[in-house]
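The lines below spell out each chain.
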Amino acid sequence: MLTLWASATSPISCEKLVRSAAQSRPWMDLGRIGLYGGSAGGQNALRGLLDHGDFYQVAVADCGCHDNRMDKIWWNEQWLGWPVDEAYRRSSNVEDAHKLTGKLLLIVGEVDTNVDPASTLQVSAALVRADKDFELLVMPSTNHGAAETPYASRRRMDFFVRHLLGREPRWH
């Protein structure tokens, strides 16, 4: 497994990094690429499947803000500007949920005080309306970064093993 630390980096930037790394690493299998991210990275992990499903096959999105129109405006102004305009709609995973390809696991903390859990529930509702298959893990009594708890971390790894390696995890 190759891990790239790219905090809030776009999926297209990660794709370029992976393709470049693969040139000198023949063991890398570009047919089995997964994304994981939390918070803004969770938004980007899902965005990878929505916009680049030809490259990414699997994503786990933890506590993502899937529509910047409902998040803390001071955070989003840094990246999308003010006032709220078409850029906010274009960056919405909720708006583009119908484009999902690949396997998706959404993880959210029930009592997240950083990104409202409603953001994950809204993108879940949009995926259901679009008749897209996905998995949703709500972590009870858990705050932001729910996927870093022991249970959710195991579930994340199990998800990648199942969908990238095509087998049940050996610890089951």
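Residues numbered from 1 in each chain as written. Predicted model: local features only at pLDDT ≥ 70, side-chain atom pairs only at ≥ 80, totals over all residues. Heavy atoms only, no water.

Quick word on the overall build of the protein chain
As a reminder of what qualifies: Helix and strand assignments come from DSSP, with helices taken as H or I runs of at least 4 residues and strands as E runs of at least 2, each series counted from the N terminus. Exposed residues in this analysis have more than 50% of their type's maximum accessible area, buried residues have under 20%, and partly exposed residues fall in between, with area computed by a 1.4 Å probe over protein chains only. Contact criterion: two residues are considered in contact whenever any of their non-hydrogen atoms come within 4.5 Å of each other. All accessible areas in this document rest on Shrake-Rupley with a 1.4 Å probe, and a residue is counted as covered only by the protein chains that are shown.
If you tally the helices and strands in the protein chain, you get six helices and four strands. When burial is assessed residue by residue, the protein chain has 43% of its 172 residues classed as buried. Look at the contacts in the protein chain between residues 6 or more apart in sequence, and 66% of them connect residues 24 or more apart. Carbon and sulfur atoms provide 53% of the accessible area of the protein chain, an area that totals close to 9,200 Å².

Observations concerning the sheet that holds strand 3 (residues 103–109)
To keep things clear, this is the line we draw: We treat two strands as partners when DSSP finds at least two bridges between them. Axes, fitted as lines to C-alpha atoms, cover a helix only where it is in contact. Angles between the N-to-C directions of the axes lie from 0 to 180 degrees.
On the basis of which strands lie adjacent, the open sheet formed by four strands has the order 1-2-3-4 and parallel pairing. Each end of this open sheet is capped by a strand with a single partner; those strands are strand 1 (34–38) and strand 4 (135–139). Averaged over all adjacent pairs, the angle separating strand axes in this sheet is 10°, with direction ignored. Strand direction decides the pairing type here: strand 1 and strand 2 (residues 58–62), joined by five bridges, are parallel. In the strand pairing of strand 2, Y36 is matched with V60. Here helix 2 (residues 40–51) sits on the sheet and contacts strand 1, strand 2 and strand 3; the angle it forms with strand 1, its principal contact strand, is near 155°. This element, helix 5 (residues 118–129), spans strand 3 and strand 4 of the sheet and lies at about 150° to strand 3.

Describing the packing of aromatic side chains
The criterion, for reference: Working definition: a ring pair exists when centres of Phe, Tyr or Trp rings (six-membered ring for Trp) sit within 6.5 Å. Plane angles under 30 degrees give stacked, over 60 give edge-to-face, the rest tilted. Over a ring means this: the NZ of a Lys or the CZ of an Arg is within 6 Å of the ring centre and within 35 degrees of the ring normal.
Counting across every chain of the model gives one aromatic pair. Between F55 and Y56, the aromatic rings sit 4.9 Å apart at their centres with planes inclined by 85°, giving edge-to-face as the arrangement. Judged by its relative accessible area of 2%, F55 is buried. In this structure Y56 comes out as buried when scored by relative accessible area, which is 1%. Its guanidinium or amino end placed over the ring of Y36, R156 lies 4.3 Å from that ring's centre, counting from NZ or CZ.

Observations concerning the pairing of strand 1
Using the following cut-off: If you view a crossover with the strands going away from you and the path from the first strand over the helix to the second runs clockwise, you call it right-handed.
Residue alternation in strand 1 divides its side chains into a buried set, L35 and G37, and an unburied set, G34, Y36 and G38. For the handedness criterion, the β-α-β arrangement of strand 1, helix 2 and strand 2 is classed as right-handed.

A closer look at the side chain of R47
How we decide: Counting of polar contacts relies on pairs of N or O atoms within 3.5 Å, with two restrictions inside protein: one atom must be capable of donating a hydrogen and the other of accepting it, and residues adjacent in sequence are counted only when both atoms are side-chain atoms.
Among the secondary structure elements, R47 is positioned in helix 2. From its side chain, R47 meets the backbone oxygen of S92 in a polar contact 3.0 Å long. Polar contacts involving the side chain of R47 include one to the side chain of N93, which spans 3.1 Å.

Brief notes about the environment of G31
Take G31: it is sitting in the loop between helix 1 (11–23) and strand 1. A residue is classified by how much of its surface remains accessible, and G31, at 45% relative accessible area, is partly exposed. In the structure, G31 is positioned 24 residues away from F55 in sequence and 7.5 Å away in space, judged by C-alpha atoms.

A look at a nonpolar patch on the surface
We count it as follows: Exposure above 30% relative accessible area and no salt bridge define the residues that can form patches, which grow by joining like charges within 9 Å and nonpolar side chains of Val, Leu, Ile, Met, Phe, Trp and Tyr within 5 Å. Whenever a carboxyl oxygen of Asp or Glu lies within 4 Å of a side-chain nitrogen of Lys or Arg, that contact is scored as a salt bridge.
Together, L121, L136 and V138 make up a nonpolar patch on the protein surface, roughly 230 Å² of accessible area in all. Mapped onto the elements of the fold, L136 is located in strand 4. Its relative accessible area of 36% is what places L136 among the partly exposed residues.

A short note on the side chain of T120
Secondary-structure assignment places T120 in helix 5. If sequence neighbours within four positions are ignored, T120 has contacts with G64, H66, L106, V108 and L136.

Focus: the confidence of the model for the protein chain
Our working definition: Per-residue confidence from the predictor is reported as pLDDT, a score between 0 and 100.
Counting all residues, the mean pLDDT for the protein chain is 87, and 84% of those residues have values of 70 or more. Within the model, the stretch residues 1–8 combines pLDDT values under 50 with ten contacts to residues more than four positions away or in other chains.

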